[in-house]
Amino acid sequence: MALLSLIVFTPAVGALVLAFIRNEQTVRWTALGFTALDFVLAVMMLAGFDATTHAMQFTEARPWVPALGITYALGVDGISVLFVFLTALLGWICVLASWTAIESKVKEFMISLLVMQSLMLGVFCALDLFLFYVFWEAMLIPMYIIIGVWGGEGRVYAAFKFFLYTLAGSLLFLVGVIVLYLQGGQTFDIIALSNQDIPFSVQSWLFLAFLVAFAVKVPMVPVHTWLPDAHVQAPTAGSIILAAVLLKMGAYGFLRFSLPMLPEASVYYSTAMLMLSALAIVYGGLLALAQDDLKKLVAYSSISHMGFVTLGIFTLNLRGLEGGILQMFNHGVTTGALFLFVGLIYERTHTRSIGAYGGLMKLAPVYTSFLALFALSSMALPGTNSFVGELLVLSGGFAANPAITAIAVLGALLGAAYLLGMYRKVALGPVRLPGGAKVRDVNARELIAILPLAVLVFWVGLYPKPFLGIIDASVKHLLVRVHGEGSGQ
Amino acid sequence: MDPVTSIRPLLAVVVAGLAALAILLLKNRERLRDAVSPLAAVVMFAFVASMAPTVLAGRTIDLTLFEILPGVDFAFRVDALGMVFASVSSLLWIAASIYSIGYMRALNEHAQTRFYACFATSLAAAVGGAFSANLFTLVIFYEVLSLVTYPLVYHHEDEEAWAGSRKYLVYLMGASKSVLLAALALTYQIAGSLDFVPGGLLAGTGASAPLLTAKSAIMPMHAWLPAAMVAPTPVSALLHAVAVVKMGVFCALRVIFDIFGTGLVAALGLGLATAYLVSFTILTASIYALTRDDLKARLAYSTVSQLSYIVLGAVLLSPVAMVGGIIHIAVHAFSKITLFFCAGSIYCASGKRNISDMAGIGRRLPWTMGAFFIGSLSMIGVPPTGGFVSKWYLALGSVEGGEIAFLIVLLASSVLNAAYFLPVSYVAFFGKEAPESTPTVREIPMIAIPLVATAVLSVAVGLFPGYFIALAERVAG
């Protein structure tokens, strides 16, 4: 059974079906049905995943363009499997989040959302570099449409900026891919390329080309400026996808390409990468501290949190890498949830200004309680998912470079400051609402979207073993590739 | 001796957690809701007490729930140090739960359900922290405690409360984010585990001195935090006198004893440096207390000073001083809770907060002011109260360690204690009542009974200190 193909293309089939449906309510239910089915398939994949090996699993390979050595090859290992799961989970959550928030062109929106879903899943499953690039580039189009059509007032500017930044990165990536193809024995097979020995001088250039492409996606300072604009203008589902999945792709690129294919260059540039990460952590945190717009605050906090991810990856040791990958997953859960929450309140009051709110706890206790949970998770409170991730990242960081890691700790402090400050202003104090708006608490539909994320916060926070178990074998294998035999640590 | 495996440490924590849940569910049935806390307190104390004989016999009670990271479990371990903290907290919860009912009803306070629920959760966190087997578990409970006490601090929801609560959270979270997280990561990196090990987890690892220095220097500072703000209600002030600040000191002791190990602390020369720092705290805080007219503020600064005794006992690194420091956890809790109860009692009965307004109030509130006097004596360290026992051991320890300077600090601070506590009793009993004072000021039974009980405890622990000395000697080895 071609499980991965099923997972990747179920949403696309759903999009096709949607094209023939007129009734808006039916469109919503159909979209939900296909994304839910996709999630069930992803759970089956996770259940059948063998955590004891680093080898690719559920592999499929069919010749596509044999003349150029291009194959349709899919597979997952410990590094990608969690993100396939996360993407599938957020798929139906995004549909629920857009249930009433999207009022015009519902059908078109759901089609874009489902196509996007397929392409993102494709990126995480592709084992052929060409196929990967196709998915990677094609993803830009539905995202551009989602922001540009259903976004806020500045949507056209934001969508264009998003497109330009990522396209510029992608072009360098394309150059890199071609060089890699020529240097690496004329193959697009990602596994084969991961075992090629490329001369250091070439590696070094390739690393920089890839760096630009991936750094834009992560995003790392100083190429982060598209992110706040895109987030602020995007509709809620767009923000969730952007934060939870798209940002992960940059980090995934480092893990799938830079580290295994360019190991010497990765080691060579690791200190610089750690510095850039620490810079992102602190700078993103400072920017978040200065925001009055809820969405901007969460967007800048993403930059800071993704800094922890890249910090973990470029420690190039076991704890750091495992922490970094776990933190990618955690950030998807927590920040996805935070954007969902911003969307929920915006839907009710039509303002995102923190200063306009106050005392929401009294009006919507369930909403504010969950908001507290995710804010605490975002600031890495012990017992929540991010704490485990940050602990591992910092622990690895102290082994790799204590001085830079010490700077990163400051970023954690900033996280507590802006999140608690936001929560206090919005939820506590005397009741204040923009324009005398009425606020109802979360309803059953919204609660269903929130609950799985809340469960994951505690699950990873208190019992991360299954998650770390899944990534362990692949990370150890990756480290052997980077540092040579006998360096499992 | 082999550790005993038992589910009781978990049950003790769960009881308080369930109580919080029950309180939330019973929010519309006030009488039933109010009965939950005392009931849960008694059950929790029973669980804790049932474990005491095992610990006194030199065995630990272990319960490992699940692995969090390789080398880090979510696990409980009941040992002598944890037992001191847990028995004090659970015993005092019984008194405090009855007292708070009297207090909340007398003042007809708002948001009582939230108050009781947070109160119960904070007790769960305190006892959970006491029974934690490693730094990870301890930090989880520590953060829970910081968070659930936050609503208690902003309880009044006025300007002063918001300002205070903000400061409170900034200090607690700031310290934990900037120091605790890094320290945890570094410890994990060096030792590959976060377990509490008698003799020190990091002993013999050649841990890098600079960061450890930073960590141990900041720990005692922790005690400053609650005093930085004066809790808006005496009941929450009581929490800060017992649960939160004791948790801070308890963490410091845990780190000194079971993470660094006294050997490493001595080798790095941290003991003496920290001892000087806390001595400075003892004296400065006492002088601060002397200048406060608000009774609660005076008590809060006194707490800062008294908590430093506990840390001083630990860092003098002499077994006798350690015993003194550990006993002081119990002694200070019993006495200080009495004093805070009294401040609340005065406020409920008369609405007065400033000492200068309390002239002659002892004649109207004889039980309250009598208890206050006993509590003061214990704080000063007059025999036969509990304060005498701990100060005796501390003094003996400094002499034994050849550190006469600290003996002088202890004596000087006793004089200061007397200087800021005794005038309160003097004014209350011998001061001239203001002519316009109303005769309606009288004792409230549900408030007076718990505070008399804790006053009796303050003396009892001085007359029969055997239990706590036995536990403390187990810790000090």
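Residues numbered from 1 in each chain as written. Chains lettered and ligands numbered in written order. Predicted model: local features only at pLDDT ≥ 70, side-chain atom pairs only at ≥ 80, totals over all residues.

Q: Help me out: how do you make sense of the overall build of chain A in this one?
A: The number of helices and strands found in chain A is 20 helices and two strands. Relative to its length of 489 residues, chain A is compact, with a C-alpha radius of gyration of 21 Å against a globular reference of 23 Å. On the principal axes, the C-alpha backbone points of chain A span a range of 65 × 55 × 40 Å. Counting the 489 residues in chain A, one finds 59% classified as buried. At a minimum sequence separation of 6, the contacts of chain A that also span at least 24 residues come to 80%. (Helix = DSSP H or I, 4+ residues; strand = E, 2+ residues; numbered from the N terminus. Rg over C-alpha atoms; globule rule 2.2 N^0.38 Å. Buried ≥ 20, exposed ≤ 12 C-beta atoms within 10 Å, placed from the backbone. Contact = placed C-beta atoms within 7 Å.)

Q: Help me understand the overall build of chain B, please; the structure alone is not making it clear to me.
A: Scanning chain B for helices and strands turns up 19 helices and three strands. Its C-alpha atoms give chain B a radius of gyration of 21 Å, within 12% of the compact-globule value 23 Å for 477 residues. If one aligns the C-alpha atoms of chain B with their principal axes, the spans along those axes are about 70 × 55 × 40 Å. Of all 477 residues assigned to chain B, the portion counted as buried reaches 60%. A fraction of 80% describes how many contacts in chain B between residues 6 or more apart in sequence connect residues 24 or more apart.

Q: Which parts of the structure should I look at to understand the nonpolar core?
A: The nonpolar side chains of soluble globular proteins are, as a tendency, buried together. Counting residues in hydrophobic clusters, the biggest one holds 369 residues, and the most contacted among them are Val84 of chain A together with Ala16, Met44, Val84, Ala120 and Val127 of chain B. Split by domain, this core shows at least three residues from each of two domains, domain 1 (1-257) and domain 2 (269-477) of chain B. Those residues in contact with Met44 of chain B, other than ones at most four positions away along the chain, are Ala12, Val15, Ala16, Ser90, Trp93 and Val127 of chain B. (Core = buried A, V, L, I, M, F, W, Y, C linked by C-beta atoms within 7 Å. Domains from an automatic or database assignment.)

Q: Just to check I follow, could you spell out the interface of chain A and chain B for this structure?
A: In many reports, interface size means the accessible area that the parts give up when they come together. Each partner contributes to the interface: chain A provides 22 residues, whereas chain B provides 23 residues. Among the elements that make up the side of chain A that touches chain B, the one with the highest residue count is helix α17 (residues 385-400) of chain A (seven residues). Classifying every residue of the side of chain A that touches chain B gives 16 nonpolar, three polar and three charged. (Nonpolar A, V, L, I, M, F, W, Y, C, P; charged D, E, K, R; others polar.)

Q: Is there a simple way to explain the sheet that holds strand β3 (residues 72-78) of chain B in this structure?
A: The pairing of strands in a sheet happens through backbone hydrogen bonds and is either parallel or antiparallel. Residue and element names in this part refer to chain B. With respect to topology, three strands assemble into an open sheet ordered β1-β2-β3, the strand pairing being mixed. Among the strands making up the open sheet, the edge pair consists of β1 (4-5) and β3. Across the face of the sheet, helix α1 (residues 8-25) comes into contact with β2 (61-69) and β3 while running at roughly 75° to β2. (Pairing = 2+ DSSP bridges. Axes fitted to C-alpha atoms, helices over the stretch in contact; angles between N-to-C directions.)

Q: Would you explain the domain arrangement of chain B in this entry?
A: All names here are of chain B. For chain B, the assigned domains are domain 1 (1-257) and domain 2 (269-477). On a C-alpha basis, the centres of domain 1 and domain 2 stand 22 Å from each other. In this complex, domain 1 contributes 39 residues to the contact, which on the side of domain 2 involves 43 residues. For the side of domain 1 that touches domain 2, the secondary-structure elements that each account for two or more residues are α3 (80-107), α7 (209-221), α8 (224-228) and α9 (234-260). Broken down by element, the residue count for the side of domain 1 that touches domain 2 peaks at 15 residues, all from α3.

Q: Looking at this structure, how should I read unusual backbone geometry?
A: Trans peptide bonds make up most of the peptide bonds, and negative phi angles are found at most residues other than glycine. Residue and element names in this part refer to chain A. Look at the link from Val218 to Pro219: it is a cis peptide, with omega at -15°. Tracing the backbone shows Pro219 in the loop between α9 (200-217) and α10 (226-233). With an omega of 10°, the peptide bond between Val221 and Pro222 qualifies as cis. Inspection of the secondary structure puts Pro222 in the loop between α9 and α10. Within the chain, Lys105 stands out as a residue other than glycine whose phi angle is a positive 50°. Looking at where Lys105 falls in the secondary structure, it is placed in the loop between α3 (81-97) and α4 (106-125). Using a count of 13 C-beta atoms within 10 Å as the deciding quantity, one classes Lys105 as partly exposed.

Q: Sorry, what's going on with the confidence of the model for chain B here?
A: Where the model shows low pLDDT, its predicted coordinates should not be examined in detail. Residue and element names in this part refer to chain B. Confidence in the prediction of chain B, expressed as mean pLDDT, is 83, and 90% of residues score 70 or more. For chain B, α7 is the element with the lowest average pLDDT, namely 46, and helix α15 (residues 366-380) is the one with the highest, namely 93. At the level of chain-chain contacts, confidence expressed as ipTM amounts to 0.83, with global pTM at 0.88. (pLDDT = per-residue confidence, 0-100.)

Q: Would you mind going over the environment of His224 of chain A with me for this structure?
A: Looking at the secondary structure, you find His224 of chain A in the loop between α9 and α10. If near-sequence neighbours (up to four positions away) are discounted, His224 of chain A is found in contact with Pro219 and Ile303 of chain A.

Q: Looking at this model, I keep getting lost on the pairing of strand β2 (residues 70-76) of chain A. Mind explaining?
A: On a regular strand, one side chain projects to one face of the sheet and the next to the other, so that they alternate. Residues and elements named next belong to chain A. Among the seven residues that make up β2, five are buried, leaving the element largely enclosed by the rest of the structure. Relative to β2, strand β1 (residues 57-65) runs antiparallel, the two being bridged by six bridges. Within β2, the position partnered with Pro63 by the bridge is Thr71. Between β1 and the antiparallel strand that follows it, β2, lie four residues; Gly69 among them carries a positive phi value of about 75°.

Q: I would appreciate a short explanation of helix α2 (residues 24-47) of chain A in the present structure.
A: Helical periodicity: at 3.6 residues per turn, an α-helix aligns residues three or four positions apart in one direction. All names here are of chain A. Compared with the 34 Å implied by 1.5 Å per residue over 24 residues, the 35 Å span of α2 between its first and last C-alpha is a close match. The complete set of buried residues in α2 reads Val27, Arg28, Thr30, Ala31, Phe34, Thr35, Asp38, Phe39, Ala42 and Met45. Buried residues along α2 sit against α1 (3-18), β1, α3 and α4. (Expected span 1.5 Å × (residues − 1).)

Q: Please clarify how the packing of helix α16 (residues 365-378) of chain A against helix α19 (residues 444-462) of chain A should be interpreted in this entry.
A: Residues and elements named next belong to chain A. Across the interface, α16 lies against α19 with an axial gap of 11 Å and an inter-helix angle of 40°. Considered as vectors, α16 and α19 are oriented oblique to each other. The two elements α16 and α19 meet at a crossing, and its hand is left-handed. When α16 is examined against α19, the residues Phe370, Leu373 and Ser377 are found in contact with a partner set consisting of Ile450, Ala454 and Val457. Grouping the amino acids of the contact of α16 with α19 by side-chain chemistry returns five nonpolar, one polar and no charged. (Parallel < 35°, antiparallel > 145°, perpendicular 65-115°, else oblique. Left-handed = near helix turned anticlockwise from the far one by under 90°.)

Q: What exactly am I supposed to notice about helix α13 (residues 319-350) of chain B here?
A: All names here are of chain B. With 32 residues, α13 should reach 46 Å at 1.5 Å per residue; the first-to-last C-alpha distance of 46 Å fits that figure. The sharpest bend along α13 comes to roughly 30°, located at His328. Most of α13 is tucked away, with 29 of its 32 residues classed as buried. Looking one or two residues beyond α13, the residue adopting positive phi is Gly351, at roughly 75°. (Bend = angle between axes of the 7 residues up to and from the residue.)

Q: Quick question: what am I supposed to make of the packing of α17 of chain A against helix α18 (residues 402-427) of chain A here?
A: What describes two packed helices is the angle between their axes and the distance between those same axes. Residue and element names in this part refer to chain A. Running from amino to carboxyl end, α17 crosses α18 at an angle of 155°, the nearest separation of the two axes being 8 Å. The angle between the axes of α17 and α18 places the two elements in the roughly antiparallel class. Where α17 approaches α18, its residues Glu390, Leu394, Gly397 and Phe398 are matched on the opposing element by Pro402, Thr405, Ala408, Val409 and Ala412. Residues belonging to the contact of α17 with α18 are distributed by class as follows: six nonpolar, two polar and one charged.

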